[in-house]
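Structural features, examined
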Amino acid sequence: MKNIVAIVGTNSKKSTNRQLLQYIQRHFAESANIELIEINDVPLFTKFNRGKYPESVLTISQKIEAADGVIISSPEYDHAITASLMNLLEWLSLGLYSLVDKPVMLTGASYGRLGSLRAQGHLRQILDAPELKARVMPNSEFLVGNSLGAFDKNGDLKDPALVKQLNALFEDFIYFAEITNKLSKARQGNIEAAKAFSWNKE
């Protein structure tokens, strides 16, 4: 059984993205161990703290490192991901490298009709940064629009079509994670390349 960490991409106390990940955790309990990770305790990033990581950041990084894959669910604010999720990714890009070559699946719930379409595009771009270099599952996106009315009283998704789509995507993600994790020969080289990268070099 695969071990997956699912990052709640917001520091909001009440979020439909947390609801979505809780549903995913329950719905796929027989095929994966899914642990939810909260980011509300991650302090504000500052580049001058290089090498001095907050305990919350180290804990998250270690859980990502140990996992077979990562699911990230973020709302969309102003066509982008949340500041709190960006804050975590900035910490993880500063000498930790736990996301390098890590299989990632993106999901998102939003109050609007289009879900988190633009935010997921933004997140893909960020995760491809030289210091992160995650392996995001291609040609896949799971969008829950009008999310305030998307769940029933038990916290389950109401729309059977959405559930069917999620089932297919998650099955693909487990397979994607298996294949990606077998492609481990180049990982150390990719980590070394991330370590050597600097935006200050000419």
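This text goes with the structure placed above it.
Note that the structure is a prediction, hence the values are computed from the model and not measured.

Next up on the list: the overall build of the protein chain. Secondary structure assignment for the protein chain yields 6 helices and 6 strands. What you see in the protein chain, going N to C, is helices and strands ordered as β-α-β-α-β-α-β-α-β-β-α-α. Its C-alpha atoms give the protein chain a radius of gyration of 16 Å, within 12% of the compact-globule value 17 Å for 202 residues. Principal axes of the C-alpha set define a box for the protein chain whose edges measure 50 × 35 × 30 Å. Burial statistics for the protein chain: of 202 residues in total, 48% are counted as buried. Summed over all atoms, the accessible surface of the protein chain reaches about 10,700 Å², with 51% contributed by carbon and sulfur. Averaging the coordinates of the 23 positive side-chain charges in the protein chain and doing the same for the 22 negative ones gives two points 1 Å apart.

The biggest cluster of nonpolar side chains holds 29 residues, and the ones touching the most others in it are Ile7, Ile72, Leu89, Leu92, Leu99, Val104 and Leu127. Elements with a contribution of two residues or more to this core: strand E1 (2–8), helix H2 (55–66), strand E3 (69–73), helix H3 (83–92), strand E4 (103–109) and helix H4 (117–127). Counting residues per element, this core draws most heavily on H3, which supplies 5 residues. Residues in contact with Leu92, not counting those within four places in the same chain, are Val57, Ser61, Ile64, Tyr97, Ser98, Leu99 and Leu132. Ranked by size, the runner-up nonpolar core spans 27 residues in total, among them Leu21, Tyr23, Ala150 and Leu166.

A surface patch of nonpolar side chains, amounting to about 310 Å² of accessible area, comprises Tyr175, Ile179 and Leu183. Considering the arrangement of structural elements, one finds Leu183 in the loop between helix H5 (160–182) and helix H6 (187–196).

A few words on the packing of H2 against H3. The relative placement of two packed helices is expressed as an angle between their axes plus a distance between the axes. Packing of H2 against H3 leaves a shortest axis separation of 10 Å and a crossing angle of 75 degrees. It follows from the interaxial angle that H2 and H3 lie roughly perpendicular. In this structure, H2 contributes Val57, Ile60, Ser61 and Ile64 to the contact, and H3 contributes Leu88, Trp91 and Leu92. Looking at the contact of H2 with H3 residue by residue, the class counts come to 6 nonpolar, 1 polar and no charged.

Turning our eyes to something else, we now look at the pattern of salt bridges. Tallied over the full model, the rule gives 6 salt bridges. Here Glu38 ties to Arg18 by a salt bridge, and the two come within 2.8 Å at their closest N and O atoms. Remark: Arg18 occurs in helix H1 (residues 16–27) and Glu38 occurs in the loop between strand E2 (32–37) and H2; sequence separation between them is 20 residues. Judged by relative accessible area, which is 34%, Glu38 ranks as partly exposed. The class for Arg18 is buried, based on a relative accessible area of 11%.

Two elements in contact, H1 and H5, have axes whose closest approach is 12 Å; the angle formed by their N-to-C orientations is 65 degrees. For the element pair H1 / H5, the angle class is roughly perpendicular. For the pair H1 and H5, the sense of crossing is right-handed. Taking contact as the criterion, the partners of Tyr23, Ile24 and His27 in H1 are, on H5, Val163, Leu166 and Asn167. For the contact of H1 with H5, a count of residues per class yields 4 nonpolar, 2 polar and no charged.

How each quantity is defined
Residues numbered from 1 in each chain as written. Predicted model: local features only at pLDDT ≥ 70, side-chain atom pairs only at ≥ 80, totals over all residues. Heavy atoms only, no water. Helix = DSSP H or I, 4+ residues; strand = E, 2+ residues; numbered from the N terminus. Rg over C-alpha atoms; globule rule 2.2 N^0.38 Å. Buried < 20%, exposed > 50% of the residue type's maximum accessible area, 1.4 Å probe, protein only. Areas by Shrake-Rupley, 256 points an atom, 1.4 Å probe, with all protein chains shown as cover. Lys, Arg positive; Asp, Glu negative; His and termini not counted. Charge placed at Lys NZ, Arg CZ, Asp CG, Glu CD. Core = buried A, V, L, I, M, F, W, Y, C linked by side-chain atoms within 4.5 Å. Contact = heavy atoms within 4.5 Å. Patch = residues over 30% accessible without salt bridge, like charges linked within 9 Å, V, L, I, M, F, W, Y side chains within 5 Å. Salt bridge = Lys/Arg side-chain N within 4 Å of Asp/Glu carboxyl O. Axes fitted to C-alpha atoms, helices over the stretch in contact; angles between N-to-C directions. Parallel < 35°, antiparallel > 145°, perpendicular 65-115°, else oblique. Nonpolar A, V, L, I, M, F, W, Y, C, P; charged D, E, K, R; others polar. Left-handed = near helix turned anticlockwise from the far one by under 90°.

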